[in-house]
Amino acid sequence: MKLWSVPYSCLREMGLRDALVLREILSEQDWSAFEAQYSPVGRRGYAPWLMAGVVLFGLMRGISSLRGLERLTRSDLECMWVCGGITPDHSILGRFITRHEEALSDALFASVTEAVLKRTNSGRARVAGDGTVLEAMSSRFALVKREALEAQWGESAEGSAAYEELERARAALGDRPNAKAVVVGEPEAGLLKLKNGRGSRPAYQAAVLVNEARVVLDAQVHSTSEQAALAEPLERLDGTQTRELLLDAGFNSYAVLECALEKDISLLCPEQAEDGQSQGKQPGLFALRDFRYVEDGDHYLCPAGAQLHPARRCAGNPQKGLRAYVQYATSACGTCACRAQCTQAEARTIQRSVGQELKEALRQVMAQPRARQVFAQRKAMVEPVFSMLRERQGLNRFRRRGLRRVRLEFRLHLTAYNLGRALAYARRRRFWALVLRLACPLSRPCPPTRQWRGRLTGRRPAALRVRLTPA
């Protein structure tokens, strides 16, 4: 008998139920977009949902290389059940991912996410977002100064063409088109500081949105900006389904506040540090939040009670992302007793940008105890996602080059992660069903202690190895 023909009951008896649930979820998805890309004539190819099962099951096991996936189909019993016993070559797996790149990153991720939401009985009412830095498929030793690169290529036609292509790729970064350091092999990656203390490396910014069941609802990858990576998922939020949005202080920007206001979503996001130390000034200086704005008189009140009136207005430049603002100043700083705690200049000035009232309103909301209590759940919702991706699935750095391929790889990892959440909830339901089945029927006699313990301790945590006897 072939290994992949092991019956369903045998896998259940061996406790390999994850493979059964995973195959069931994948078989329920719509694969018509994948099948439409195959020719009706010629040799029949592998079923797309079986090929996707190999890739996703391997990512759940921390295997991302194509040759590792090829070995997994020949050596792992659960993988044999998920993929139906097919043994594709690593080159076939690579061509499958390349051919269905768009469907894997968009349609499959969306359909699997909806299936996992139903199985976890969760929704999109409360959403938390965060970002991280993931190293690119390039070494820091490959960084080259632009001047050195120009001198190396010189005036040759081949060098000029390569340099123009590099400039087009770097222009896609948006935030850093004129960066001094260039990675020739990975021009779309930004030089970012990693969060593990290893210094600056060519890397990408990845951002996710998750719900209370830690299911990833949406995600995006950007070359340099964490806020730009989260901007697209925020734009795709539906205000009729999402009521609360929890973000950390790094996303407290006018664009996020205006997006939440437009979609009528309750935003909980603390303000960034505005003390003097964060601005490179002497610590202990009064921050902007220490000044109170009086709307009726259009002036600010400083901590000493002096008024700051409009002194200069700037129209801004929307094309460059510069907002219009009004600068407030006062002439009372010369004789103020709190001048040492306020400014080192001749007079203190306050800059009020268009939309500042949104930040002030959010500051008042975050001062409420109930809002802080709800916001405290953000870390428990979103932080475990990145730890699972790094520690369980091995996503410490990307294995593909280019922003487009990096986004595909990240979506595949998130699809595998969401499937893992469905499997975790399935295991939880089976466990509590077993506990209720053993503990609730008080009408029948209690089984012997050895048999009772044996039924509970099979593949169960040590904390549960106790005798449950009816009262």
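Along each chain, residue indices are assigned from 1 in the same order as the chain's sequence is written. At least 70 in pLDDT is required for a residue's local features to be given in this predicted model, at least 80 for side-chain atom pairs to be given and counted, and no such filter applies to totals for whole chains, interfaces and linings, which use all residues. Water and hydrogen atoms were dropped before computing side-chain values, which therefore reflect all heavy atoms in the structure.

If DSSP finds at least two bridges between two strands, the strands pair. Secondary structure counts use DSSP, requiring at least four H or I residues in a row for a helix and at least two E residues in a row for a strand, with both numbered from the N terminus. Pairing is antiparallel in the open sheet, where 5 strands are placed in the order β9-β10-β11-β12-β13. Each edge of the open sheet carries a strand with a single partner, namely β9 (292-294) and β13 (349-353). Averaged over all adjacent pairs, the angle separating strand axes in this sheet is 35°, with direction ignored. Of the pairings in the sheet, the one linking strand β11 (residues 307-314) to strand β12 (residues 325-329) comprises 5 bridges and is antiparallel in character. Counterpart to His309 in the pairing with β12 is Ala329. Contact between two residues is taken to exist if any of their heavy atoms lie within 4.5 Å; hydrogens are not considered. Structural elements are reduced to axes, namely lines fitted to C-alpha atoms, with helices fitted over the stretch in contact, and the angle between N-to-C directions of any two is expressed from 0 to 180 degrees. In this fold helix α14 (residues 356-366) packs onto β9, β10 (299-301) and β13, with an angle of close to 100° to the strand it touches most, β13.

To continue, consider the side chain of Thr330. If you trace the backbone, Thr330 turns up in the loop between β12 and α13 (339-342). A polar contact is formed between the side chain of Thr330 and the backbone oxygen of Gln307, at a distance of 3.1 Å. With residues near it in sequence (within four places) discarded, Thr330 still touches Ala306, Gln307, Leu308, Ala347 and Arg348. Polar contacts, as counted here, are pairs of nitrogen or oxygen atoms within 3.5 Å of one another; within protein the pair requires one atom able to donate a hydrogen and one able to accept it, and residues that are adjacent in sequence qualify only if both atoms are side-chain atoms.

A few words now on helix α16 (residues 378-392). Here α16 spans 21 Å end to end across 15 residues, near enough to the 21 Å set by a 1.5 Å rise per residue. The buried label applies to any residue whose accessible area, calculated with a 1.4 Å probe on protein chains only, is under 20% of its type's maximum; exposed applies above 50%, and partly exposed to all values in between. Every buried residue of α16 is accounted for by Arg378, Met381, Val382, Val385, Phe386 and Leu389. On its buried face, α16 sits against β1 (126-135), β5 (200-210), β6 (216-222), β7 (244-246), α15 (369-375) and α17 (403-439). What a helix is expected to span follows from its residue count: subtract one and scale by 1.5 Å.

What follows deals with unusual backbone geometry. Phi is positive for Arg214, close to 60°, though the residue is something other than glycine. By the secondary structure assignment, Arg214 is in the loop between β5 and β6.

Before going further, it helps to examine the pairing of β6. Strand residues, when the strand is regular, have side chains that alternate between the two faces of the sheet. The buried fraction of β6 is high, at 7 of 7 residues. Here β5 runs beside β6; their pairing, made up of 6 bridges, is antiparallel. Bridge pairing in β6 links Gln205 to His222. In this structure, the hairpin formed by β5 and β6 is closed by a connection of 5 residues, where Arg214 is found at a positive phi of approximately 60°.

This next bit is on the pairing of β11. Sheet topology places β10 next to β11; 2 bridges connect them, and they run antiparallel. Pairing of Leu301 across the sheet is with Gln307, part of β11. Taking the residues between adjacent antiparallel strands as the criterion, β10 and β11 are bridged by 5 residues, where Gly305 takes a positive phi near 95°.

This next bit is on the packing of aromatic side chains. Aromatic ring pairs: the centre-centre distance and the angle between the two ring planes describe each pair. Any Phe, Tyr or Trp ring, taking Trp's six-membered ring, that has another such ring centre within 6.5 Å forms a pair; planes under 30 degrees apart are called stacked, those over 60 apart edge-to-face, and the others tilted. Under the counting rule described, the total for this entry stands at 7 aromatic pairs. Between the aromatic rings of Tyr300 and Tyr328, the centroid separation amounts to 5.1 Å while the plane-to-plane angle is 80°, which identifies the pairing as edge-to-face. Here Tyr328 lies in strand β12 and Tyr300 lies in strand β10, a separation of 28 residues in the sequence. Each member of the pair, Tyr300 as well as Tyr328, is classed as buried. Consider the rings of Phe398 and Phe410, whose centres lie 6.4 Å apart with planes at 75°: the pair is edge-to-face. Separated by 12 residues along the polypeptide, Phe398 in the loop between α16 and α17 and Phe410 in helix α17 bring together distant segments of the chain. Under the relative-accessibility criterion, Phe398 is labelled buried at 0%. The exposure class assigned to Phe410 is buried, which follows from its relative accessible area of 1%. In textbook terms, an aromatic cluster arises when at least three aromatic residues are bridged by ring pairs, as seen for Trp31, Phe34 and Phe96. By definition here, charges over rings are those cases where NZ of Lys or CZ of Arg is within 6 Å of the ring centre and within 35 degrees of the ring normal. Over the ring of Trp81 we find Arg23, and its NZ or CZ is 5.5 Å from the ring centre. The positively charged end of Arg352 is found above the aromatic ring belonging to Tyr293, 3.6 Å away from the centroid.

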